[in-house]
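Inside the fold
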Amino acid sequence: MFAEVYDVVVVGGGHAGAEAAAAAANLGSKTLLVTMNLQNIGQMSCNPAMGGIAKGQIVREIDALGGYSGIVSDKSAIQFKMLNRSKGPAMWSPRVQSDRMLFASEWRLALEQTPNLDFYQDMVVDLLMEGDRITGVITSLGLEIRAHAVVLTSGTFLNGLIHIGEKQFGGGRAGESASFGITERLVRAGFTSGRMKTGTPPRVDGRSLDYTRMTEQPGDANPSTFSYLASTKSLTSQRSCHMTYTSPNVHDLLREGFDRSPMFNGRIKSIGPRYCPSVEDKINRFSEKERHQIFVEPEGWDTVEVYVNGFSTSLPEEVQYKALKAVAGFEQVKFFRPGYAIEYDYFPPTQLKHSLETKLVSGLFFAGQINGTTGYEEAASQGLMAGINAHQHVRQSTPFVLTRDEAYIGVLIDDLITKGTEEPYRMFTSRAEYRTLLRQDNADTRLTPKAHAIGLATDERMRQMEAQAAKASSLLSFFKKTSIRPDDINPILHQKDSAPVKQSLKMAKVLARPNITLQDFKRIPLVGEFIDKQQADKAVQEQVEIQIKYAGYIAKEKAQADKLTQLEHVPIPATFDYKKVKSLSYEARQKLTEIKPVTIAQASRISGVSPSDISVLLVYMGR
């Protein structure tokens, strides 16, 4: 059945696996996606949403590179919101509520329409290796599938163990079995593994809820899209979410089950996500708080199933039920299924190169939760990069790597490779030191040319990006070069409580004022006519306004990035022996030997390596 040797085999059909398979196949590699259940490709295992703080930027970047997550999100969205509008544009983050079943269906259709991509349903239980090189996989049926590169995207399935109160059972997620064999094979090959934990809340029947006791949370009045392509359209109708709160009574009811909580009685030994704690963890860690938010999220256009965001728990099911009934609006609640926690194997990501290829085994790539991350978006971006680099490996081409000043994806991977993680890693805007450069509005201009150069972003996508960039450049130039007379602008300034001008000024200088917007200028015939003539849409206008208002911040970050980029070009030989450099601190020698950074810049970001250690290394590198 598998006589041919595949270029790339992708193991797992979650967000990371789907993006990896699509990327490798679209680049021209003969690719096979092996997953335990083909009906669950692109499954949203936890919340029915994509994007959010920093995560929305990642989805935009995936789309700009030619990935599918943005397109699938747009096609299955039931609500769109741009979060953090009250803050600066570096913080703006798009988010959609998704139709869970439609999301998975759109992913399946997208993959089935991808040339060079085959599918097979089976569990991979072992890896084929020849020395330090991967040569394929072995399935539970004993089939040997040969490949030049393998991408492992195992999610929470590696030796997965589900906890509900004092009950434990093997599983990768509710209703699906765990995966066995891969961890043991990798450990025999010399890899270090660990355990992590995540959790999920109950799913309930929306017909049993009283929404009048909750606060409605509608989508944006003028919703946008994730994808830069014109083929996805904005929503014309949306479904609302709702918000309610826990209470001291709810907390007391939850505490009644703490003695049977696997989190508190020692059954769960691994570390869970710091920034998405279970409800019992929240009331234990923040005991001074009288209430916590609960977001009530519909799972689709037509289904009555509801996701209770903020109530993730592994307490006994009767405790979950009793406590949730005490939440406003949930008095008559009916469960579809209880919440649960799951422990699973991961591999500390310091064992990887920046291409996501393992250091120990050539041609073997890891992506997603196997690297210690949490979240669909983080997984999908790793899958995309691993799929690209698996293809590059097979073609013996230069790895495709994004730096910290180029993309949130670059920040994510660099953090994992350089610093490692002992708890599920989640992306935040605060992790990116160049977040003004890495905005959600400019992901296409940052990344599409790079993806087009390697053949992943299509000609259509490149032409569209260039057309938008040309419109933005023209409009920006118009504002910088065109002067406005006091008689034209002062009436507007008066209405906005802004100081009047006494002489003609360049429009960009006036627009730079904090309370003046480009929309204000459109009331001036000269400006409105130019925008209409250029066909500069809302996205172009928004980008130009950001570039004018935040020009100083953007220039400062760019200068800092350029300065550090110089260190990215100072390589460290792979054979460099840090133990011989006595001028380095003991901790630096230990960390540098373990991680083996490839450049001085990467070495500077390793925890425990001081500026003086970097100075020593620069001397040794002849700088």
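A brief structural summary. Everything quoted here is computed from the prediction, not taken from an experiment.

Turning our attention to the nonpolar core. Nonpolar side chains tend toward joint burial in soluble globular proteins. If you look at the biggest cluster of nonpolar residues, it comprises 101 residues, and the most contacted ones within it are Val9, Leu152, Leu186 and Leu364. No other element matches the 9 residues that helix α9 (residues 376-394) contributes to this core. Contact partners of Val9, with chain neighbours within four places excluded, come to Leu32, Val34, Val137, Ile145, Ala147, Ala149, Val150 and Val151. Among the nonpolar cores identified, the runner-up in size contains 26 residues, and Ala472, Leu476, Phe478 and Ile516 belong to it.

Glancing now at the sheet that holds strand β19 (residues 340-346). Sheet architecture is open: 4 strands sit in the order β11-β10-β19-β12, paired in antiparallel fashion. In the strand order of this sheet, the two ends are held by β11 (167-170) and β12 (194-200), each with one partner. Recorded for the sheet is a direction-independent mean angle of 25° between the axes of neighbouring strands. Pairing of β12 with β19 involves 7 bridges; the strand directions are antiparallel. Note on β19: the bridge partner recorded for Gly194 is Tyr346.

Turning next to helix α1 (residues 15-26). In this model, α1 (12 residues) spans 16 Å end to end at C-alpha, consistent with the 16 Å of a helix rising 1.5 Å per residue. Here α1 lies mainly inside the structure; 11 of its 12 residues are buried. Two residues or fewer past α1, Gly28 is found with a positive phi of approximately 115°.

On to helix α13 (residues 486-495), then. Residues of α13 that are buried: Pro486, Ile489, Asn490, Ile492 and Leu493. Viewed end-on, α13 has its buried residues packed into an arc of 165°, placing them on one side of the element. Away from its buried face by more than 90 degrees, α13 exposes Asp487, His494 and Gln495. Elements in contact with the buried residues of α13: β21 (483-484), α14 (507-511) and α15 (518-521).

Further remarks concern the sheet that holds strand β3 (residues 49-51). The 3 strands lie next to each other as β3-β5-β4, forming an open sheet whose pairing is antiparallel. Because the sheet does not close on itself, it has two edges, and the strands there are β3 and β4 (77-83). Taking each pair of neighbouring strands and ignoring which way they run, the sheet shows an average axis angle of 15°. Sheet analysis places β4 next to strand β5 (residues 93-98), joined by 6 bridges and oriented antiparallel. If you follow Phe80 over to β5, its bridge partner there is Val96. Strands β3, β4 and β5 of the sheet are contacted by helix α3 (residues 69-76), whose axis makes an angle of about 115° with β4.

Viewed as axis vectors pointing N to C, helix α2 (residues 55-65) and helix α11 (residues 443-454) meet at an angle of 35°, and their least axial separation amounts to 7 Å. Of the two possible hands of crossing, α2 and α11 adopt the one that is right-handed. Only Ala443, Asp444, Arg446, Leu447, Thr448 and Ala451 of α11 make contact with α2, whose side of the interface consists of Arg60, Glu61, Ala64 and Leu65.

We now examine the packing of aromatic side chains. Counting across every chain of the model gives 14 aromatic pairs. For the ring pair Phe478 and Phe530, a centre distance of 4.0 Å and an interplane angle of 5° mean the geometry is stacked. Of the two residues, Phe478 sits in helix α12 (residues 459-481) while Phe530 sits in helix α16 (residues 525-534), which places them 52 residues apart along the sequence. Look at Phe478 and you get buried, because its relative accessible area is 11%. Here Phe576 and Tyr620 contribute two aromatic rings whose centre-to-centre distance is 6.3 Å and whose plane-to-plane angle is 85°, an arrangement assigned as edge-to-face. With a gap of 44 residues between them, Phe576 in the loop between α18 (551-568) and α19 (586-595) and Tyr620 in helix α21 (residues 611-620) connect regions that are remote in the sequence. Look at Tyr620 and you get partly exposed, because its relative accessible area is 47%. Clustering of aromatic rings is evident, with ring pairs tying together Phe478, Phe479, Phe521 and Phe530. In this structure, Arg85 is placed above the aromatic ring of Trp92, and the distance from its NZ or CZ to the ring centre is 4.4 Å.

Take the environment of Leu617 next. With respect to the secondary-structure elements, Leu617 resides in helix α21. Sequence spacing of Leu617 and Ser583 is 34 residues, and the spatial spacing of their C-alpha atoms is 9.2 Å.

What counts and what doesn't
Along every chain, residues carry numbers that run from 1 in the direction the sequence is written. Predicted model: local features are reported for residues with pLDDT of at least 70 only, side-chain atom pairs are reported and counted for 80 or more only, and whole-chain, interface and lining totals are derived from all residues. Here the side-chain values reflect all heavy atoms present in the structure, with hydrogen atoms and water set aside. Take the buried Ala, Val, Leu, Ile, Met, Phe, Trp, Tyr and Cys residues and link them wherever side-chain atoms come within 4.5 Å; each set so joined is a nonpolar core. Each residue is assigned to one of three classes by its accessible area relative to the maximum for its type, calculated with a 1.4 Å probe on protein chains only: buried under 20%, partly exposed between the two thresholds, exposed over 50%. Secondary structure elements follow DSSP: runs of H or I no shorter than four residues count as helices, runs of E no shorter than two count as strands, and numbering proceeds from the N terminus. The contact criterion used throughout is that any non-hydrogen atoms of two residues lie within 4.5 Å. Two strands make a pair as long as DSSP finds a minimum of two bridges between them. Interaxial angles span 0 to 180 degrees and are taken between N-to-C directions of axes, which are lines fitted to C-alpha atoms, for helices over the stretch in contact. Under the convention used throughout, the expected extent of a helix is 1.5 Å for every residue step, that is, one less than its residue count. Directions drawn from the helix axis to the C-beta atoms are what define this arc. Note on convention: the crossing is left-handed when the near helix lies turned anticlockwise from the far helix by less than a right angle, right-handed when the turn is clockwise. Pairing of aromatic rings covers Phe, Tyr and the six-membered ring of Trp, with a centre-to-centre limit of 6.5 Å; geometry is then stacked below 30 degrees between planes, edge-to-face above 60, and tilted otherwise. We count a charge as sitting over a ring when the NZ of a lysine or the CZ of an arginine lies within 6 Å of the ring centre and within 35 degrees of the ring normal.

Purely geometric stuff here, so don't read any function into it on its own.
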